[in-house]
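# Structural overview for review
Next come the chains, spelled out residue by residue.
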Amino acid sequence: MAKRSSRRHERETDPIPARAPLERDDYVRLRYFNLIMGALHLVQGLLMIVLSNDTTYPIYTNFLRFDQQAMALVPDPTLAYALRFGPAVAAFLLLSAIAHFILGTFGYRWYVLNLERGMNPARFYEYALSSSLMIVLIGMLVGVWDLGAIIAIFGINAMMNLFGIMMELHNQTTARTNWTAFIYGCIAGIVPWIVIITHFLAALDSPDASPPAFVYAIIPTIFVFFNIFALNMWLQYKKIGRWQDYLYGERTYIVLSLVAKTVLAWLIFAGTLAPV
């Protein structure tokens, strides 16, 4: 009897537990923010499919064949696929929509548990797909049409984003921020842009292959956006100003993603996908 009375007294004097993280106002707001952003991506992706024309860009394989007359190996470009650009542009918008809806619904608990640790792996998995598709499409606009080059650009850009996961995971166990993954990610991220700018400059030097005017806007604009993502991570780990709160950086990532994808999608639409 005395034991029961003692336990009841302990329960009555225990401090009131804080609300579970899932119910915290800032997480709940972030949940709805993801759902809203998912809807905005979804609407744009569907519009891109409905409104775009049938413009295609070629993807070639470039194997070698033996030329009997020249007695030498020579390139043998072959059309592997004609990529419809409208659905391809819609795809990176729809990938983001799916990710936001997952985090705002059945993935919400996992999302919050990771945010509590200062992580969001889902962000980088989604970027590994959507931003890699974006960089491939930008490359195709300046003539990167070789299948091998496209696979390489996609792959190394995806690795850049996976380094983002490693940055957040590694720094769970360090007393001071370790920047190794960040630096390697930046190195990986610059490679596709070297390829794109090389092709762009080569096109400028060729009177018969100058890139369309809208590409002049796309390359510097999206290049800046890609680098702002890295800046956002740097500010998070330096804990500068409002970035001392990890959730502020998370919201910034979400806004940057929407703006970058929106700008690229509609620049491409205006330049090449709008119905004549």
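Residues numbered from 1 in each chain as written. Predicted model: local features only at pLDDT ≥ 70, side-chain atom pairs only at ≥ 80, totals over all residues. Heavy atoms only, no water.

Here we take up the packing of aromatic side chains. Inspection of the entire model under this criterion finds 16 aromatic pairs. On the numbers, 5.1 Å between centres and 70° between planes, the contact of Trp266 with Phe269 is edge-to-face. Here the residue Trp266 and the residue Phe269 both occupy positions in helix H9 (residues 246-273), the gap between them amounting to three residues, near one helical turn. Note on Trp266: relative accessible area 26%, which makes it partly exposed. Take Phe269: its relative accessible area is 13%, and that puts it in the buried class. Ring pairing ties together the aromatic residues Tyr57, Tyr60, Phe85 and Trp145, which thus form one cluster. One Lys or Arg, Arg31, reaches over the ring of Tyr108 and ends 4.1 Å from the middle of that ring. (Phe/Tyr/Trp six-rings, centres within 6.5 Å; stacked < 30°, edge-to-face > 60°. Helix = DSSP H or I, 4+ residues; strand = E, 2+ residues; numbered from the N terminus. Buried < 20%, exposed > 50% of the residue type's maximum accessible area, 1.4 Å probe, protein only. Lys NZ or Arg CZ within 6 Å of the ring centre and 35° of its normal.)

Here the focus is the pattern of salt bridges. When their charged atoms lie close together, side chains carrying opposite charge are able to pair. One pass over the structure, following the stated rule, counts seven salt bridges. For Glu116, the salt bridge identified is with Arg24, shortest N-O distance 3.1 Å. In this pair, Glu116 sits in helix H4 (residues 108-116) while Arg24 sits in the loop between helix H1 (2-13) and helix H2 (25-51), placing the two residues 92 residues apart along the sequence. Taking relative accessible area as the criterion, Arg24 reaches 31% and is therefore assigned partly exposed. Several salt bridges share partner residues, and in doing so they unite Arg24, Asp26 and Glu116 into one network. (Salt bridge = Lys/Arg side-chain N within 4 Å of Asp/Glu carboxyl O.)

For the rest of this paragraph, the subject is a nonpolar patch on the surface. On the surface, Leu42, Val43, Leu46, Leu47, Ile49, Val50 and Leu51 cluster together into a nonpolar patch covering about 580 Å² of accessible area. Within the element layout of this structure, Leu42 appears in helix H2. For Leu42, a relative accessible area of 31% corresponds to the partly exposed category. (Patch = residues over 30% accessible without salt bridge, like charges linked within 9 Å, V, L, I, M, F, W, Y side chains within 5 Å. Areas by Shrake-Rupley, 256 points an atom, 1.4 Å probe, with all protein chains shown as cover.)

Right, let's get into the confidence of the model for the chain. For the chain, the mean per-residue pLDDT works out to 90, and 91% of the residues sit at or above 70. Throughout residues 1-18 the model reports pLDDT below 50, and contacts reaching past four residues in sequence, or to other chains, amount to zero contacts. (pLDDT = per-residue confidence, 0-100. Contact = heavy atoms within 4.5 Å.)

Here the focus is the packing of helix H5 (residues 121-141) against helix H8 (residues 213-238). Orientation of H5 relative to H8, taken along the N-to-C sense of each, is 155°, at an axis distance of 11 Å. Judged on the interaxial angle alone, H8 and H5 are roughly antiparallel. By crossing handedness, the relation of H5 to H8 is classed as left-handed. In contact with Phe124, Tyr127, Ser131, Met134, Ile135, Ile138 and Leu141 of H5, H8 contributes Phe214, Val215, Ile218, Ile219, Ile222, Phe226, Phe229 and Met233. Among the residues making up the contact of H5 with H8, the classes are represented as 14 nonpolar, one polar and no charged. (Axes fitted to C-alpha atoms, helices over the stretch in contact; angles between N-to-C directions. Parallel < 35°, antiparallel > 145°, perpendicular 65-115°, else oblique. Left-handed = near helix turned anticlockwise from the far one by under 90°. Nonpolar A, V, L, I, M, F, W, Y, C, P; charged D, E, K, R; others polar.)

Okay, helix H7 (residues 180-205) next. A rise of 1.5 Å per residue sets the reference length of H7, with its 26 residues, at 38 Å; its end C-alpha atoms lie 38 Å apart and thus fit the reference within 8%. Buried residues of H7: Ala181, Phe182, Gly185, Ala188, Gly189, Pro192, Trp193, Ile196, Phe200 and Ala203, and no others. On its buried face, H7 is in contact with H5, helix H6 (147-170) and H8. (Expected span 1.5 Å × (residues − 1).)

A separate point is unusual backbone geometry. Peptide bonds are mostly trans, and most non-glycine residues show a negative phi. At Lys239, a residue that is not glycine, the phi angle is positive and equals roughly 55°. Mapped onto the secondary structure, Lys239 falls in the loop between H8 and H9.

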